[in-house]
Amino acid sequence: MGIPLAIKNRVYLDRRMSQQTDEPTGVNAPTTEIGHDEYDPIGTLALIGLYFLILVILWFFMYFVEFLGNDPTVIGSIVMGVL
Amino acid sequence: MNIHAYEKLWLIAALVLIVGFIVTITYGSVGLGIAMIDDSEDAIEPSELSEDERFSDPRVEQVGENEYEAYVVAQTFIFQPDPIEVPENSEVTFYVTSPDVIHSFSVVGTNINTMVIPGEVSTMTAEFDEPEEYGIICNEYCGADHHNMEGELHVLPEDEFDMTELSVEAPDEVELGDEAAFDVSVENGQLDDLETTIELEVGDETLTEDVTVAGDSTEETTLTVDTDDLGEGDHDWTVTVDDHDESGTLSVVEELDEGDDDE
């Protein structure tokens, strides 16, 4: 437990850990604590955004091109399916 | 609760995505009328299909203007009728069942695709706008010859499509001097009246008769030819109604050999 997290040459320490003990164990490196809103994982955001975009494009391709473009298709009223 | 700005963004985007999925599916079913194949039809006894009025004679029937119903039986290892013929610009409801094992009814390259379960009637409606020939395959393993189980669905241009059936009964042998009677029956499977001409060619003689066959009925008529005009010998005959014809040979003999049956 209490493994320090190294990001961009800075070392962050698990907060739960730092509350329990003032001295980091095992690593003799300077520690900087940042606040909640200072944490800015822009790379992760970009990556997830890209995944999200791919997901949306694939959905449109699958539904509107592959499914609706595959005429003729089974039609009927929605009520028929419920009854 | 302190939620990070990026996390909020992600939560909102994920919710919007889910709403987007629901909106597209709703648009498909409400806006475009896309339906799922369900079990709304009553179950039937698979061993008694030959007594079922829908499936004893697998066929295509016209039920309204541009509306057709196709009763299809999928069995090891064929589809009946084969080919299924429907006109363009039509709305066709397929009723498919199986007398033996589980098959499928898959119109290749389209979304018309269903399982065919013995005792159940799979029902689906589709619109056909353009003339085209589709293949039908079975994609549920149904036995040793499953890979050869295929059928065809022909969407025909309107001027090539008809549901007319012609049958002719004619004698094989007629005594010279007698009249040869050709009993012609024209069946009109469509709902509109069919105005057409029956043409009988026998030897050098040509007889025509204009008939009007009412919708969904059969018109029978008899064309008679005087054998004196034909003369003795074998005469090929052909009865033509629109694109349908039936032919045979009529023998005109000096005297009918009464003993023919005993030989």
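Residues numbered from 1 in each chain as written. Chains lettered and ligands numbered in written order. Predicted model: local features only at pLDDT ≥ 70, side-chain atom pairs only at ≥ 80, totals over all residues.

## Things to note about the overall build of chain A
Scanning chain A from N- to C-terminus turns up 3 helices and 3 strands. Reading chain A from its N terminus to its C terminus gives the helix and strand order β-β-α-α-β-α. Taken over 83 residues, chain A has a buried fraction of 5%. (Helix = DSSP H or I, 4+ residues; strand = E, 2+ residues; numbered from the N terminus. Buried ≥ 20, exposed ≤ 12 C-beta atoms within 10 Å, placed from the backbone.)

## Examining the sheet that holds strand 16 (residues 217-226) of chain B
Remark on secondary structure: sheet strands pair via backbone hydrogen bonds, oriented parallel or antiparallel. All names here are of chain B. Read across the sheet, 3 strands follow the order 11-13-16 without closing on themselves; strand pairing throughout is antiparallel. Two strands bound the open sheet, and with one partner strand each, they are strand 11 (164-169) and strand 16. Along the sheet, successive strands turn relative to each other by an average axial angle of 20°, direction set aside. (Pairing = 2+ DSSP bridges. Axes fitted to C-alpha atoms, helices over the stretch in contact; angles between N-to-C directions.)

## Describing the pairing of strand 18 (residues 244-253) of chain B
Residues and elements named next belong to chain B. Relative to strand 18, strand 12 (residues 173-175) is paired through 3 bridges, and the arrangement is parallel. Bridge pairing links Val-174 to Val-252 in strand 18. Where strand 17 (residues 233-241) lies against strand 18, 9 bridges are found, and the strand directions are antiparallel. Following the sheet pairing, Asp-236 is matched in strand 18 by Thr-249.

## A closer look at the interface of chain A and chain B
The interface of chain A with chain B comprises 23 residues on the first partner and 25 residues on the second. When residues of the side of chain A that touches chain B are traced back to their parent elements, those giving at least two are helix 2 (42-67), strand 3 (74-75) and helix 3 (78-82) of chain A. Per element, the largest residue contribution to the side of chain A that touches chain B is 8 residues, and it comes from helix 2 of chain A. Residue composition of the side of chain A that touches chain B, by class: 16 nonpolar, 6 polar and 1 charged. Two elements, strand 3 of chain A and strand 8 (residues 122-128) of chain B, share 2 bridges in a ladder whose sense is antiparallel. Bridging across to strand 8 of chain B, Val-74 of chain A finds its partner in Ala-126 of chain B. (Contact = placed C-beta atoms within 7 Å. Nonpolar A, V, L, I, M, F, W, Y, C, P; charged D, E, K, R; others polar.)

## Some points on the domain arrangement of chain B
Interfaces are often sized by the amount of accessible area the parts lose when they come together. Here chain B is described as being made up of domain 1 (1-34), domain 2 (46-160) and domain 3 (164-256). Centre-to-centre, using C-alpha coordinates, domain 2 of chain B lies 34 Å away from domain 3 of chain B. (Domains from an automatic or database assignment.)

## Focus: unusual backbone geometry
It is generally the case that most residues other than glycine have a negative phi and that most peptide bonds are trans. Put simply, Asp-71 of chain A and Pro-72 of chain A share a cis peptide bond, and its omega is -10°. A cis geometry characterises the amide bond from Thr-76 of chain B onward to Phe-77 of chain B, with omega recorded as -5°. Considering the arrangement of structural elements, one finds Phe-77 of chain B in the loop between strand 2 (67-75) and strand 3 (78-80). Of note in this structure, Asn-89 of chain B is not a glycine but carries a positive phi near 55°. Mapped onto the secondary structure, Asn-89 of chain B falls in the loop between strand 4 (84-87) and strand 5 (90-97). Its 14 C-beta neighbours within 10 Å are what place Asn-89 of chain B among the partly exposed residues.

## Considerations on the environment of Asn-70 of chain A
If you trace the backbone, Asn-70 of chain A turns up in the loop between helix 2 and strand 3. The residues touching Asn-70 of chain A, leaving out its near neighbours within four places in the chain, are Thr-110 and Asn-111 of chain B.

## Some remarks on the confidence of the model for chain B
All names here are of chain B. Within chain B, residue pLDDT values average 90, and 98% of them lie at 70 or more. Between the elements of chain B, mean pLDDT differs from a low of 85, seen in helix 2 (residues 227-230), to a high of 96, seen in strand 6 (residues 103-107). In the predicted complex, the global pTM is 0.76; the interface-specific ipTM is 0.71. (pLDDT = per-residue confidence, 0-100.)

## Quick word on the packing of helix 2 of chain A against helix 1 (residues 5-31) of chain B
Between helix 2 of chain A and helix 1 of chain B, the least distance of the axes is 12 Å, while the angle of their chain directions is 5°. In terms of orientation, helix 2 of chain A lies roughly parallel with respect to helix 1 of chain B. Taken together, the residues of helix 1 of chain B that come into contact with helix 2 of chain A (itself represented by Leu-45, Ile-48, Phe-52, Leu-55, Val-56, Trp-59 and Tyr-63 of chain A) are Tyr-6, Trp-10, Ala-13, Leu-17, Phe-21 and Thr-24 of chain B. (Parallel < 35°, antiparallel > 145°, perpendicular 65-115°, else oblique.)

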